[in-house]
Amino acid sequence: MQLRYNYRTYPDATQRRALAQAFGCARVVWNDCLRARNDAHAAGLPYVTSAELSRTFITEAKRSPEREWLADVSAVVLQQSLRNLDTAFKNFFESVNGKRNGPKAGPPRYKSKKDTRQSIRLNTNAFSIRGNGTVYVAKVGYLKVRWSRPLPATPSSVTVTKDSSGRYFLSFVINMDPQHLPATSAETGVDLGLGHFAVLADGTKVDSPRFLRRAEKKLKRMQKTLSRKAKGSTNRAKARTKVARQHARVADQRRDWLHKLSTELIRDNQAIYVEDLAVNGLARTRLAKSVHDAGWTQFVSMLEYKATKHGRYVGKIDRFEPTSQVCSACGAKDGPKPLNVRQWTCVKCKTVHDRDINAARNILAAGRADRLNASQSASKTRTRVLAQRVEAGSHRKGQTPQAEIPGPKTGELVKAAWSHP
């Protein structure tokens, strides 16, 4: 599997100028090649190949007076920019043809020097890690890196990034084998929300830290200062950087907290089940700021890749599953309830339920049923089944390969067992 390891780097003034030049040259190659393909499409001409673009806008452009400064940066930077454009077009075409899972990918867009994020990508021909802890980047120099953790393997590529707050990062891509944790029998369902970030099937409630809400007062003051600066002035640029740094601080706090929580859940549970929430739809409501502040999508993504890495299972149940309408003790369904109802009594068995804990238990039961039914269906229809730990992973449509899927004990479909775990 491929993983990314990010590290903060601290280039000096000369190196920052060299990186700025590399960012600009990569952006120019991207825009020139994109414009050529767009013009050919508008004129009804055939698709311009990568070889022709490389010859015209890299090799020949270096010899022209208008683009001779492209030779001042590494040729790998320019070639990788063209490869990134090819990947963007491939994703767009596969999305249009229905061959690509997930959200629809739009056509590539032009880049601007005013974009808040600038980056270049390098392969092993243009960078190397030295014994003194520095990273050599071609035509940039030796970059000082803060090694917060050791690299577990030799990287195959690195991306140098400058974010909106002026910080520089090195993102290494490495190939490594999964590191499976000892198997455990524990499983849990997770009900994600705003009042409590997560409620587990065993009754554990994790409070939402609300990092953005806690920083709103300071951000409001800094935004007011920014709005008073003259557009285009140096003071406005400084004020904008301060606002960006505060937003970056909030994002870093949220990411660190989500990493710790997801790691704890993966370590303690063999299987984790969550709801497939419609975050894009919720983000268009009056709760948009709170939804974005929670970071549900980022949290589920962390669970998925850590499950693949450590031999765990993460399953998603349908978003229309009536987890808040069904009694987890007897399975009776008594209809929807307004959000202000946090506790209710089952009309059939008279069990008093906490709304969120009951939903988490229903998520656990539904996830177990979906998991076993999928395994049995694959054995009958000869479709792909989630791989065992001792086998190589094979992708199901829209899911990552997982591990340790027990087969059903009978030939019947498994229904959700509405009982306490």
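Analysis parameters
- Residues numbered from 1 in each chain as written.
- Predicted model: local features only at pLDDT ≥ 70, side-chain atom pairs only at ≥ 80, totals over all residues.
- Heavy atoms only, no water.
- Helix = DSSP H or I, 4+ residues; strand = E, 2+ residues; numbered from the N terminus.
- Buried < 20%, exposed > 50% of the residue type's maximum accessible area, 1.4 Å probe, protein only.
- Polar contact = N/O pair within 3.5 Å; in protein donor to acceptor, adjacent residues only side chain to side chain.
- Contact = heavy atoms within 4.5 Å.
- Pairing = 2+ DSSP bridges.
- Axes fitted to C-alpha atoms, helices over the stretch in contact; angles between N-to-C directions.
- Parallel < 35°, antiparallel > 145°, perpendicular 65-115°, else oblique.
- Salt bridge = Lys/Arg side-chain N within 4 Å of Asp/Glu carboxyl O.
- Patch = residues over 30% accessible without salt bridge, like charges linked within 9 Å, V, L, I, M, F, W, Y side chains within 5 Å.
- Areas by Shrake-Rupley, 256 points an atom, 1.4 Å probe, with all protein chains shown as cover.
- Lys, Arg positive; Asp, Glu negative; His and termini not counted.
- Charge placed at Lys NZ, Arg CZ, Asp CG, Glu CD.
- Expected span 1.5 Å × (residues − 1).

Engineer: What is the right way to read the side chain of D356 from this model?
Structural biologist: As for its position among the elements, D356 is in helix α9 (residues 355-381). Given a relative accessible area of 14%, D356 falls into the buried group. Engagement of the side chain of D356 in a polar contact is seen with the side chain of R342, the distance being 2.9 Å. Once you skip the residues sitting within four places of it in the chain, D356 turns out to touch D191, H196, V199 and R342.

Engineer: Please clarify how the sheet that holds strand β8 (residues 168-175) should be interpreted in this entry.
Structural biologist: One open sheet accounts for 5 strands, arranged β2-β7-β8-β1-β6; its pairing is antiparallel. Looking at strand neighbours, the two that pair on one side only are β2 (118-123) and β6 (145-146), the edges of this open sheet. Here strand β1 (residues 2-9) runs beside β6; their pairing, made up of 2 bridges, is antiparallel. If you follow R8 over to β6, its bridge partner there is R146. Contacts from helix α1 (residues 13-42) reach β2, β7 (157-162) and β8 within the one sheet, and its direction differs from that of β2 by about 90 degrees.

Engineer: What is the right way to look at the pairing of strand β13 (residues 313-317) in this model?
Structural biologist: Looking down a regular strand, the side chains alternate between one sheet face and the other. The buried fraction of β13 is high, at 4 of 5 residues. Pairing geometry for strand β12 (residues 271-275) and β13, over 5 bridges, is parallel. Residue pairing across strands places V274 opposite K316, the latter belonging to β13.

Engineer: For this particular structure, what's the right way to read the packing of helix α4 (residues 211-227) against helix α5 (residues 234-268)?
Structural biologist: For the pair α4 and α5, interaxial distance at closest approach is 9 Å and the crossing angle is 170 degrees. Considering the angle they form, α4 stands roughly antiparallel to α5. Judged by residue contacts, F211, L212, A215, K218, L219, M222, Q223, L226 and S227 of α4 engage R236, A239, R240, K242, V243, Q246, H247, V250, Q253, R254 and W257 from α5.

Engineer: Even after reading the chapter, I still don't get the pattern of salt bridges, so can you show me in this structure?
Structural biologist: For side chains of opposite charge, pairing can occur when their charged atoms come near one another. Counted under the stated rule, the structure contains 18 salt bridges. Here D32 and R35 are joined by a salt bridge, their closest N and O atoms 3.3 Å apart. Separated by 3 residues within a single helix, D32 and R35 lie in helix α1, roughly one turn from each other. Among the residues examined, D32 registers a relative accessible area of 12% and is labelled buried. The closest approach of N and O atoms between R342 and D356, which form a salt bridge, is 2.9 Å. Pair noted here: R342 is in the loop between β13 and β14 (343-345) and D356 is in helix α9, with a separation of 14 residues, a long-range link. R342 gets classed as partly exposed once you look at its relative accessible area, which sits at 37%.

Engineer: What am I meant to see in a positive patch on the surface here?
Structural biologist: Taken together, the side chains of R16, R17, K162 and R240 make up a positively charged region of the molecular surface. By the element assignment, R240 lies in helix α5.

Engineer: Looking at this model, I keep getting lost on the environment of F127. Mind explaining?
Structural biologist: Tracing the backbone through its elements, the reader meets F127 in strand β3 (residues 127-129). You can call F127 buried: its relative accessible area is 7%. Remark: the alpha-carbon pair of F127 and V137, spanning 10 residues in sequence, is separated by 4.5 Å. Contact partners of F127, with chain neighbours within four places excluded, come to L122, V135, Y136, P155, S157, V158 and F172.

Engineer: Can you help me understand helix α8 (residues 296-310) in this one?
Structural biologist: If you check α8, its first and last C-alpha atoms are 21 Å apart, about what 15 residues at 1.5 Å a residue would give, namely 21 Å. Of all the positions in α8, only W296, F299, V300, M302, L303, K306, A307, T308, K309 and H310 are classed as buried. Positioned one or two residues after α8, G311 has a phi angle of 70 degrees, which is positive.

Engineer: Explain the side chain of H353 here, please?
Structural biologist: Along the chain, H353 turns up in strand β15 (residues 352-354). Look at H353 and you get buried, because its relative accessible area is 3%. Separated by 3.5 Å, the side chains of H353 and N358 make a polar contact. Contacts of H353, omitting those with residues within four sequence positions, involve C327, S328, A329, R342, Q343, W344, C346 and N358.

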